[in-house]
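Inside the fold
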Amino acid sequence: MPKATEPKRTALFISHATPEDNHFVRWLGAKLTAMGYEVWADVMCLHGGTDWAYELETALKTRAFKVLLVCTPGGLEKRGVRNEIEMATNLARQLEDDSFIIPLRLETYDAIFRIAHAQYIDFKRSWAAGLAELTELLRDQGVPRGSTGPLESWLESHSDGSDRLLQRSEPLVSNWLQVEGQPRNIRYIESRVGASLERFQNRLLHDWPVVPFRSGVITFAQPDEAGNLANELPGKEVAALSTAEFLTGGWEELKIAPLEARRMYANLGSQAFDRFCRKRGLTGHLGSGQRVSWFGDIKTTPQGRVKFEWPYRRGSRQVIGQSGKRNVHWHFGVNAQLRTSPIAHFRLSARLVFSENGLDAIEDKKRSHSLRRSFAKGWRNARWRDMLCAYLWWMAEGKASIWMPVGAEAYIQVAVPPMQFGCPVTITEGKEANQADDDDDPDIPDDLPDEEQSEEPDQ
């Protein structure tokens with residue numbers, strides 16, 4: 001008789017604690033399935049009447065290409081999770097795959113012996129950031145990926161107790177600014193012999209973004225005719241590589257892995273954004289998440305409505321205002337991170353900053369937090385979207401692109417307005433669906449009485 005064909009390993013097996021981590025696993029499974037990965041998780045695959053122990057063991061032994069281990073202190077203590085780690089460890093040995101188990105840190109945990117060597121993906125700080133890092137790793141490790149898989153079961157699971165999807169198209173303005181252009185090459189510049197390496201790698205002394213590396217820096221910039229990369233910082237270009245090759249394959253000559261290359265690229269992009277904002281007259285404010293948000297003060301930013309007019313969106317919003325009731329100014333600010341997946345883009349995050357004089361941010365974190373909650377709790381999505389549009393329109397001076405210098409005549413160019421996506425369905429958002437459209441919630445003129453100022457509810 002012909003020998004039975006052994007099933008191919010194509011699935012991502014998610015090991016986790018049930019029911020504690022089910023919500024996270026449903027979210028992660030849906031995201032990965034939408035990206036074309038085959039995902040196996042007991043929370044979705046096991047149904048009443050099935051021999052769950054047999055199904056689980058079979059899936060892990062015969063289907064798993066990688067095991068994603070959701071790590072929490074309580075989860076790692078569960079017998080079922082420990083049994084799966086034991087099986088996965090034995091499989092890793094048989095498959096000779098040292099990275100067969102990929103820990104996902106959902107909470108801070110003490111690594112058990114079997115996974116002590118494995119580097120985790122951090123989902124504690126941000127699920128979205130963790131997913132971006134995980135997908136890059138899966139891509140680098142060649143995990144099979146096809147077309148988008150069936151999402152019905154994931155969506156049905158998510159819809160329990162949630163609002164209803166409606167079959168009605170909806171345009172969605174994102175917080176992504178697509179990268180349209182960037183320098184053709186990236187460079188490795190070494191400090192001259194005898195010069196101070198510490199000074200050479202000090203970013204504050206450079207005119208352009210740099211990332212310290214070995215005895216020099218990675219940068220898009222080139223030394224000038226006098227051989228200086230910056231003022232009194234002599235440097236020598238040792239090597240250059242196509243930026244596109246750098247992002248896809250790393251820099252083999254310098255032993256820079258692809259993931260590290262993309263992190264360097266993101267670092268350079270973040271520096272470019274910060275420098276652009278500083279030159280635009282914005283002020284940086286370090287938030288509790290150690291990210292710098294850039295806001296305008298009363299000297300640099302229009303204090304009235306900022307009109308924006310793009311083909312698909314027009315309107316106006318204030319990006320700075322004053323509350324006489326609380327005797328503070330509010331400032332709309334953003335921080336940005338450069339991402340490479342699925343396309344190169346800057347991802348913007350909005351933040352409210354407060355000041356008493358319209359210039360200097362309030363440093364008292366508790367007071368800022370309290371102000372932010374009371375101001376923003378009446379602001380709906382449309383308002384945040386339009387404030388972002390107004391902010392970007394002002395930043396770009398009404399142009400279609402923002403050019404961020406990264407060297408002499410070298411730029412990272414991003415398109416404005418933010419990318420817009422079309423969604424074939426829309427959703428009713430509970431009470432919000434019954435409220436008036438946000439276009440009826442304009443910025444409040446100064447001469448209105450306090451009780452009409454919806455952004456300043458009484459405490």
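Bear in mind the structure is a predicted one, so any value in this text is a computation, not a measurement.

Conventions used here
- Residues numbered from 1 in each chain as written.
- Predicted model: local features only at pLDDT ≥ 70, side-chain atom pairs only at ≥ 80, totals over all residues.
- Heavy atoms only, no water.
- Helix = DSSP H or I, 4+ residues; strand = E, 2+ residues; numbered from the N terminus.
- Buried < 20%, exposed > 50% of the residue type's maximum accessible area, 1.4 Å probe, protein only.
- Contact = heavy atoms within 4.5 Å.
- Pairing = 2+ DSSP bridges.
- Axes fitted to C-alpha atoms, helices over the stretch in contact; angles between N-to-C directions.
- Nonpolar A, V, L, I, M, F, W, Y, C, P; charged D, E, K, R; others polar.
- Core = buried A, V, L, I, M, F, W, Y, C linked by side-chain atoms within 4.5 Å.
- pLDDT = per-residue confidence, 0-100.

This next bit is on the overall build of the protein chain. Across its full length, the protein chain carries 11 helices and 24 strands. Put simply, the protein chain has 459 residues, and 47% of those count as buried. Contacts in the protein chain between residues at least 24 apart in sequence constitute 69% of all its contacts with a sequence separation of at least 6.

Another point: the sheet that holds strand β5 (residues 121-122). Where strands meet in a sheet, backbone hydrogen bonds hold them as pairs that are either parallel or antiparallel. The strand order across the open sheet built from five strands is β2-β1-β3-β4-β5, with neighbouring strands paired in parallel fashion. Of all the strands in the sheet, the pair left with one neighbour each is β2 (38-40) and β5. As judged from the five bridges shared by strand β1 (residues 11-15) and strand β3 (residues 64-71), these two strands associate in the parallel manner. When the sheet's bridge partners are listed, Ser 15 is paired in β3 with Leu 69.

With that settled, the discussion passes to the packing of helix α5 (residues 127-140) against helix α9 (residues 258-279). Packing of α5 against α9 leaves a shortest axis separation of 10 Å and a crossing angle of 145°. Contacts between α5 and α9 involve Glu 133, Glu 136, Arg 139 and Asp 140 from the former and Pro 258, Leu 259, Arg 262 and Arg 263 from the latter. Residue composition of the contact of α5 with α9, grouped by class: two nonpolar, no polar and six charged.

Moving on: the nonpolar core. Judged by nonpolar contacts, the single largest core of 61 residues is most densely connected at Ile 218, Trp 251, Phe 273 and Phe 346. Tallying contributions element by element places α9 first for this core, with nine residues. Not counting residues up to four positions away in its chain, the partners in contact with Trp 251 are Ile 186, Arg 187, Tyr 188, Ile 218, Ala 239, Ala 240, Leu 241, Phe 246 and Ile 256. Among the nonpolar cores identified, the runner-up in size contains 23 residues, and Leu 32, Tyr 37, Leu 104 and Leu 138 belong to it.

The predicted coordinates ought not to be read in detail in places where the model reports low pLDDT. Per-residue pLDDT for the protein chain averages 85, and the proportion of residues at 70 or more is 85%. Of all helices and strands in the protein chain, the one with the weakest mean pLDDT is helix α6 (residues 152-158) (62), whereas strand β11 (residues 216-219) scores best (98). Confidence drops under a pLDDT of 50 for residues 430-459, and excluding neighbours within four residues, the segment shows 48 contacts in the predicted structure.

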